[in-house]
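# Summary of structural features
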Amino acid sequence: MVKFGWIKGVLVRCLLNIWGVMLFLRLSWVVAQAGIGEAMLLIIATSVVTTITALSMSAISTNGEIKGGGTYYMISRSLGPEFGGSIGLIFSLANAVACAMYVVGFCEAMVDLLGTFELSISGDKVHDIRIIGSITIILLLGIVVIGMEWEAKAQLVLLVVLVAAMFDFIIGTFIGPLDAEEESKGFIGYSVKLFKENFWSDYRYAENVNHDFFSVFSIFFPAATGILAGANISGDLADPQGAIPKGTLLAIVITTVSYLLFAVMAGGTMERDASGIISDLYNGTAYICANRTEKCEWGLHNSFQVMELVSAFGPIIYAGCFAATLSSALASLVSAPKVFQALCKDELYPYITWFARGYGKNNEPVRGYILTFFIAVAFILIAELNAIAPLISNFFLAAYALINFSTFHASLIKPIGWRPTFKFYNMWMSLAGAILCVLVMFMISWWTALLTLAVVLALYLIVTYRKPDVNWGSTTQAQTYKNALVSVQQLNNVEDHVKNYRPQILVLSGMPNFRPPLIDFAYLITKNLSLMICGHILKGPVPQRVHNSLAYKGQSWLRAHRVKGFYNHVDEVNFEDGAKALLQASGIGKLRPNILLMGFKADWRECPRTDLIMYFNVMHKALDLHMAVAILRLREGLDYSNELLGAAVGKEEPNGTGVMANGGKGGLGVNGAGGEGGLDVDKSYLDTRTGSQCSLPRNQSFSQMSQELYKFLSIGLRQITTRASSMSDVSSPGTPRLERHKEIEDESPSNNAEDGKGQRNESRTCDVEEGRAETDREDITEVFKNSLRGKKERKEERMPRTDHLKGPGGADLPKELLHRITQFQRRQRKGTIDVWWLYDDGGLTLLLPYIISTRRNWSSCKLRVFALANKKDELDFEQRSMASLLAKFRIDYSVLKVIPDITKKPKEETKTFFDGLISDFVQDSNNDDDEENSATITEAELLAMKDKTNRHLRLRELLIENSMEANLVVMTLPMPRKGVVSAPLYMAWLEALTQDMPPFLLVRGNQTSVLTFYS
């Protein structure tokens, strides 16, 4: 592979690009319009912009390894893919157009040369330019397709010719006019009087434009675009970090001095207007063209061949002009495809990856060369150099502005990774350079500047919309982190106020993709409002690679489903300890959960007693931490890991346990030595993971991590056995099943029991991990693909997304099952949200359903509020008090109903139902020393809690009477008083309240007010 040093790779290319068509064809015209003084000012202004940009570019290029892509690579890795992609695309186009401009410059010189011999191809100058330009661009394409080595050799030959032509011009200015003909054409040699006349500007109407300083500047500025010629081939440089700063800055110094010198020489030796008629020379009218019937064809204003006229030997000037234009065209023809190829490889835009392929040992972008060829031919057919120049100026200025802003932004944010070895830059100078570039864009042409900015914005939005999966450590990411850190710190200094209360939820979901309804319900509350953290508890230890994979997979699932939340997990703990750890350690500062959301533990009657106690203790711990507790129960359950990933396998063990907060196994439990319950993994597997897999860098790709997770699961989980833990609700003995009306079932099939024949009574086994392992690789891949998809239209966002929900082997799921899984994503039928406000818990029982009712999919559901009155004679008072309270809270409700007979005794069949629930837990008082005493119900406790039990059973009857057709029921959660009520009795209360009911949310606030009367 050919690699270039700083002279051949950067200096020579920059010199050839800057000493381009402007030097031989336009510099004399610039001096005629602007005068020597303003021309020098114009050149210096151009050099200031390019020098600041070169300093900024030097800082970026020395801050780490620079690969192929030049300007695009530097901006994209500094400011991120959005800015990098947009500027990379227009920069590639700008180079393609610049190639056309340089070829047109060559053609103009060639046509003028043919004109001196009275030769023409078609008889029309414009057509001749088009014909010669098309032939020239074909020849240049052939050179670059052959390879970069041949192109570099051609550049060296062209540089020698160009330098010879420059010296030919300098020598010619000192020799002076050789005959009267040259003098009649305006070349009079050095003259103080002429220098004074030409020092001041003389802007004129030319080529359909009334020229001024900025219009002339716009035409001259493309000469400065050559400073990026070396950076654009960064992938072909042996040492880009050293070559780009050294070669670029030296080229700017040399070319600035040469342009200033040539401007003074041209203005000091040539008249602005000359007739070219020798007889006019003798009568003193050769340089007076104001009143002539025929236009003067010579002088700085009228002829682009001044350099040839002044030179000692004219043909060398033509050779130099050809060399300058062809070398610049050649460099642009190489730069555009190189930058475009790097852009295509990153796959930021659709439909262009075909151009990413390279050919040969140097990975030449042959397809890009061909594309650039067609773009250049299209602009060559315009054949007007001055029409092309302003467009190129704005494109390059936009690139310069972003290069400067990249350096400023990095210096301002100061990420740890910003350590450029080039120290001669200043952040404020870079900012000034960026602002100056934008100002110059508008000064050159305001409508072209607006068009350029519109194109950049459109391309920026496309990348933002597509959300490409790239992570380049940009300063934009550093800015996001810094802003977030500052905001959290500022928020931490603000005292809490009830008006700013936000429900921040820790939802014990396990892996989010196993319990979509639980995540969807939590997001109904937190969407665009507050914090949501998905907690996952793993029983045994897992390797760090698996930790990384789980974290990436969990967060990717949330991102792919447009759920704005966080995923967190703990390992090597039982459920109680893991939940306590999440409760106490999740969040930071004021961004900390204040609500614990769990799924109802539907298998509480069959699970190990220790599991029941742990579930009960977690509620206590949350309340002890002054957090609210919410429990969600659905008829069909929450855990769909079986349906989504495959049938459970393995045998049952009596000690199996897992993440119990969702009515079944929620997480991945691993015991390195096959300890007490959970998922036993052969420890030898973990001990032998010291080979090549463990030698992978920690900052590995997602694909590596997912393969590691797959290997861990597929090898380790085949050796596991665990006890089944049912997710389905357990049907109570001796109680007829309660059904909602048939028409409701038809409207909302997701709420039906399986097959429409009754509640599912089968126990869903929790040993699903083997099935998960077998399909985990497919699942991870699907999540990863989903994360790359852009946002859909707003209309589609209102519909539940089911494309990601597949059964084992990618099979389609039954429609009824899809409805159940996505029930909280769908627009709800017209109905009610029933709120049973039993106790004053601070108002959370009212606030959460109110938030849900404001969501678009729940807008057709009205709030119905139920309250309790202990005595009938208090009914009116309670009704008025509650109505007044709701009005002050500004809670919009449709019905307010106060229940007067809560103290009424429950029916016998309800008591029988309850006795069946607790029959397995009732124990004599003489067994107090039993180690599982806390998971039993004594006769003494039943007697002490008789009134509360009857109250809850009466509530069940009232719920059946009033809320069986509700879309959602929200009720105040009974207080789980530790030491007063046992775990099984408390769970029996919850079972009595929620069994066979519509979606049911039990909520208990922490006695902190979340609603206020005041504005």
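Residues numbered from 1 in each chain as written. Predicted model: local features only at pLDDT ≥ 70, side-chain atom pairs only at ≥ 80, totals over all residues. Heavy atoms only, no water.

## Digging into the pattern of salt bridges
Put simply, the rule is: Basic side-chain nitrogens of Lys or Arg form a salt bridge, by our definition, when they fall within 4 Å of a carboxyl oxygen of Asp or Glu. A 1.4 Å probe rolled over the protein chains alone gives each residue an accessible area, and that area as a share of the maximum for its type sets the label: buried under 20%, exposed over 50%, partly exposed in between.
Per the stated rule, a full pass over the model turns up 15 salt bridges. Where lysine 185 meets glutamate 181, a salt bridge forms, and the shortest distance between an N and an O atom there is 3.3 Å. For lysine 185, a relative accessible area of 15% corresponds to the buried category. The class for glutamate 181 is partly exposed, based on a relative accessible area of 40%. Three or more residues are tied together by salt bridges with common partners; here these are Asp202, Arg204 and Asp273.

## Thoughts on a positive patch on the surface
Let me state the cut-off plainly: Only residues whose relative accessible area exceeds 30% and that form no salt bridge are eligible for patches; like-charged ones are grouped when within 9 Å, while nonpolar side chains (Val, Leu, Ile, Met, Phe, Trp, Tyr) are grouped when within 5 Å. Here the Shrake-Rupley method, with its probe set to 1.4 Å, supplies the accessible areas, and only the displayed protein chains count as covering residues. Here Asp and Glu are counted as negative and Lys and Arg as positive; His is not counted, and neither are the chain ends. To locate a charge, the coordinates of NZ of Lys, CZ of Arg, CG of Asp or CD of Glu are taken. A run of H or I in DSSP counts as a helix once it spans at least four residues, and a run of E counts as a strand once it spans at least two, with each numbered from the N terminus.
Residues Lys467, Lys527, Lys564, Arg827 and Arg856 make up a contiguous surface patch of positive charge. Locating arginine 827 in the fold gives a position in the loop between helix H29 (815–821) and strand S8 (831–837). Residue classification places arginine 827 among the partly exposed residues on the basis of a relative accessible area of 45%.

## What to know about the sheet that holds strand S10 (residues 895–899)
The criterion, for reference: Any two strands with at least two DSSP-identified bridges between them are counted as paired. To get an axis, fit a line to the C-alpha atoms, keeping to the stretch in contact for a helix; angles then go from 0 to 180 degrees between the N-to-C directions. When checking whether two residues touch, look at their non-hydrogen atoms; a contact exists if any pair is within 4.5 Å.
Across the sheet, which stays open at both edges, the 10 strands sit in the order S5-S4-S3-S6-S7-S14-S13-S8-S9-S10 with mixed pairing between neighbours. Two strands lie at the open edges of the sheet, namely strand S5 (566–570) and S10, each paired on one side alone. Across this sheet, the average inter-strand angle for adjacent strands is 20 degrees, counted without regard to direction. As defined by bridge partners, strand S3 (residues 505–508) adjoins strand S6 (residues 595–599) across 3 bridges and the pair is classed as parallel. Looking across to S6, one finds that valine 507 is bridged to leucine 597. Sheet contacts for helix H22 (residues 609–624): S6, strand S7 (628–633) and strand S14 (1000–1004); angle to S6, the most-contacted strand, approximately 165 degrees. The strands that helix H34 (residues 946–962) touches are S8, strand S9 (861–868), S10, strand S13 (968–972) and S14; relative to S8, the one it contacts most, it runs at about 165 degrees.

## A few points about unusual backbone geometry
Phi is positive for tyrosine 351, which is not a glycine, with a value near 70 degrees. Structurally, tyrosine 351 can be placed in the loop between helix H13 (314–345) and helix H14 (366–380). Notably, histidine 626 is not glycine yet its phi reads approximately 60 degrees, a positive angle. By the element assignment, histidine 626 lies in the loop between H22 and S7.

## Section: the packing of aromatic side chains
Basically, it comes down to this: Aromatic rings from Phe, Tyr and Trp, with only the six-membered ring used for Trp, were paired whenever their centres fell within 6.5 Å, and each pair was classed as stacked if the ring planes differed by under 30 degrees, edge-to-face if by over 60, and tilted otherwise. Ring-over charges, as used throughout, are those where CZ of Arg or NZ of Lys falls within 6 Å of the ring centre and within 35 degrees of the ring normal.
Taken as a whole and judged by the stated rule, the model has 24 aromatic pairs. On the basis of an interplanar angle of 15 degrees and a centroid distance of 6.4 Å, the ring pair of phenylalanine 213 and phenylalanine 217 is categorised as stacked. Placement of both phenylalanine 213 and phenylalanine 217 in helix H9 (residues 213–220) is noted, with a separation of 4 residues, approximately one turn of the helix. The pair phenylalanine 213 / phenylalanine 217 is uniform in exposure class, with both members buried. Here the aromatic rings of phenylalanine 373 and phenylalanine 374 are separated by 5.2 Å at their centres, their planes lie at 70 degrees, and the arrangement is edge-to-face. Classification of phenylalanine 373 by relative accessible area gives buried; the value is 13%. What links up through ring pairs into an aromatic cluster is the set Phe106, Tyr318 and Phe322. Above the face of the phenylalanine 4 ring, arginine 13 is positioned so that its terminal group lies 5.5 Å from the ring centre. The ring of phenylalanine 913 has arginine 956 sitting right over it, with the charged end atom 4.4 Å from the ring centre.

## Some points on the side chain of glutamate 271
Here glutamate 271 lies in the loop between helix H10 (240–269) and helix H11 (278–283). For glutamate 271, the contacting residues outside a window of four places in its chain are Gly186, Ile188, Leu194, Glu197, Tyr287, Gly299 and Leu300.

## Describing H22
Short version of the rule: Multiply 1.5 Å by the residue count of a helix minus one, and that product is the helix's expected span.
End to end, H22 covers 22 Å across 16 residues, agreeing with the expected 22 Å (1.5 Å per residue, within 8%). The element H22 is extensively covered by neighbouring structure, given that 12 of its 16 residues are classed as buried. All buried positions along H22 are accounted for by Asp611, Leu612, Ile613, Met614, Tyr615, Phe616, Asn617, Val618, Met619, His620, Ala622 and Leu623. Next to the buried residues of H22 lie helix H21 (575–585), S6, S7, helix H35 (983–994) and S14. Two residues or fewer past H22, histidine 626 is found with a positive phi of approximately 60 degrees.

## Remarks on the environment of isoleucine 90
Residue position: isoleucine 90 is located in helix H4 (residues 81–116). The exposure class of isoleucine 90 is buried, given its relative accessible area of 2%. Distance from isoleucine 90 to tyrosine 72, taken between C-alpha atoms, is 9.9 Å for residues 18 residues apart in sequence. Those residues in contact with isoleucine 90 that lie beyond four places of it in its chain are Phe395, Ala398, Thr452, Val455, Val456 and Leu459.

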